[in-house]
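# Survey of secondary and tertiary structure
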Amino acid sequence: MDDIIIVGAGPAGLTAGLFARRAGCSVKIFERLAPGGQAVLSHDIANYPGFLSIDGFSLTEKMVEQVKNLGAEIVNEEIVSIKKEKEKICVVTKDNEYCAKKLIIASGAKERLLNCTGEKEFTGRGVSYCASCDGFFFKDKTVAVIGGGNTAFEDVLYLSKIAKKIYLVHRREGFRADNIVIEKVKKLKNVTFVLNECTKEIKGKDKVERIDFCSGLGLDVDAVFIAIGRIPDLDFLNIDVKKSQSGYIIVDKDMQTSVENVYACGDITDHRLKQIITACAEGAIAGDSASKD
Ligand code: NAP
């Protein structure tokens, strides 16, 4: 049995592991995909102190190296459920069960779906949730990016160097994105804003060819990048942890949840600012708190 099991090897989980290992605890960090979490998808992080600009893969690669050097084990298995007993907490994966004294949930968030006609059908055939993964396929093409937050704007910036024409489609006039990135996008010659529009249908034959809006207007496009935020990734969590109305885990100042010996940190918590730096800070507190008796 380990001292601490951490669910998720994004910035929050990796930092929790770092602090727990430095406190002398044995740590297993579970990750179903590659370590790094959603941060890996960010191509230009300019608000992580110490780096003028760094891509998410390079930044999280350093975090992985650091926590592994300290002796934390990264286990590449997907957790499907949790068993909470009096003296221990066990995580169940497809083939195994692992137990520890404490659990830290750092499972982050997954992409929110647009839920319009054609979205599912054309995913992987022009519909994408990751500009840095799929942008390359649309060199000199026309693409739409849907959303008004930092992710959508960063995606537009990234795609503006690859695609011929980009439409930024947003459902209202105001944006959630930071002004600095909005101003950069406004200066781009190959970007057009399509505001106050909701997406009714994405359509085509074998691949995306057109996007139709609720107003009756539409655009011919080769790809649709959907960047409309994230939702908590807690499908495995079958224990009764207190959550906010929108499904994020409520924690106290020590990152302790409503369940004894269960902590949470990063994008999964009910905190407003969801950045790599805040995920790391919460991870540090969770790792430190869980290391105490
Ligand atoms: P976000 O900030 O929550 O923005 C989501 C956007 O999608 C909003 O503009 C929202 O519109 C729109 N939207 C939501 N549901 C929609 C729907 N069903 N149909 C159409 N549009 C919809 O999400 P995000 O951009 O992914 O960012 C998530 C967090 O990560 C934020 O805290 C962000 O600051 C942070 N982040 C930071 C960086 C960075 O600093 N480098 C980069 C990326 C992300 P409304 O505004 O009308 O609700």
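Everything here concerns the structure above.
Residues numbered from 1 in each chain as written. Predicted model: local features only at pLDDT ≥ 70, side-chain atom pairs only at ≥ 80, totals over all residues. Heavy atoms only, no water.

What follows concerns unusual backbone geometry. For aspartate 140, which is not glycine, the phi dihedral falls at a positive 60°. When you line up the elements, aspartate 140 lands in the loop between helix H3 (131-134) and strand E9 (142-146). A positive phi angle, close to 55°, is found at asparagine 196, a residue other than glycine. Relative to the elements of secondary structure, asparagine 196 occurs in the loop between strand E11 (191-194) and strand E12 (199-204). (Helix = DSSP H or I, 4+ residues; strand = E, 2+ residues; numbered from the N terminus.)

Here we come to the sheet that holds strand E14 (residues 218-220). The strand order E12-E13-E14 describes an open sheet built from three strands, whose pairing is antiparallel. Pairing within the sheet leaves two strands with one partner each, and these edge strands are E12 and E14. On average, each strand axis in the sheet is tilted by 15° relative to the strand beside it, whichever way the strands run. Sheet analysis places E12 next to strand E13 (residues 208-213), joined by five bridges and oriented antiparallel. For lysine 203, the partnering residue across the bridge sits in E13 and is arginine 210. (Pairing = 2+ DSSP bridges. Axes fitted to C-alpha atoms, helices over the stretch in contact; angles between N-to-C directions.)

Moving on: helix H5 (residues 179-186). An α-helical segment advances 3.6 residues per turn. Residues three or four places apart therefore align on the same side. Every buried residue belonging to H5 is among Val181, Ile182 and Val185, and all of these are buried. Projected down its long axis, H5 shows its buried positions confined to an angular sector of 105°, all on one face. Among the exposed residues of H5, those pointing more than 90 degrees away from its buried face are Asn179, Ile180 and Lys186. Against the buried residues of H5 lie helix H4 (150-159) and E11. (Buried < 20%, exposed > 50% of the residue type's maximum accessible area, 1.4 Å probe, protein only. Arc of directions from axis to C-beta. Contact = heavy atoms within 4.5 Å.)

With that settled, consider the pattern of salt bridges. Once the charged atoms of two side chains with opposite charge are near each other, the side chains can pair. Scanning the model with the defined rule gives 13 salt bridges in all. For the salt bridge of arginine 210 with aspartate 220, the shortest nitrogen-to-oxygen distance reads 2.9 Å. Here the residue arginine 210 occupies a position in strand E13, and aspartate 220 occupies one in strand E14, the gap between them amounting to ten residues. Residue classification places arginine 210 among the partly exposed positions, given a relative accessible area of 26%. You can call aspartate 220 exposed: its relative accessible area is 56%. Salt-bridge contacts for aspartate 254 lead to lysine 253; the nearest nitrogen and oxygen are separated by 3.6 Å. (Salt bridge = Lys/Arg side-chain N within 4 Å of Asp/Glu carboxyl O.)

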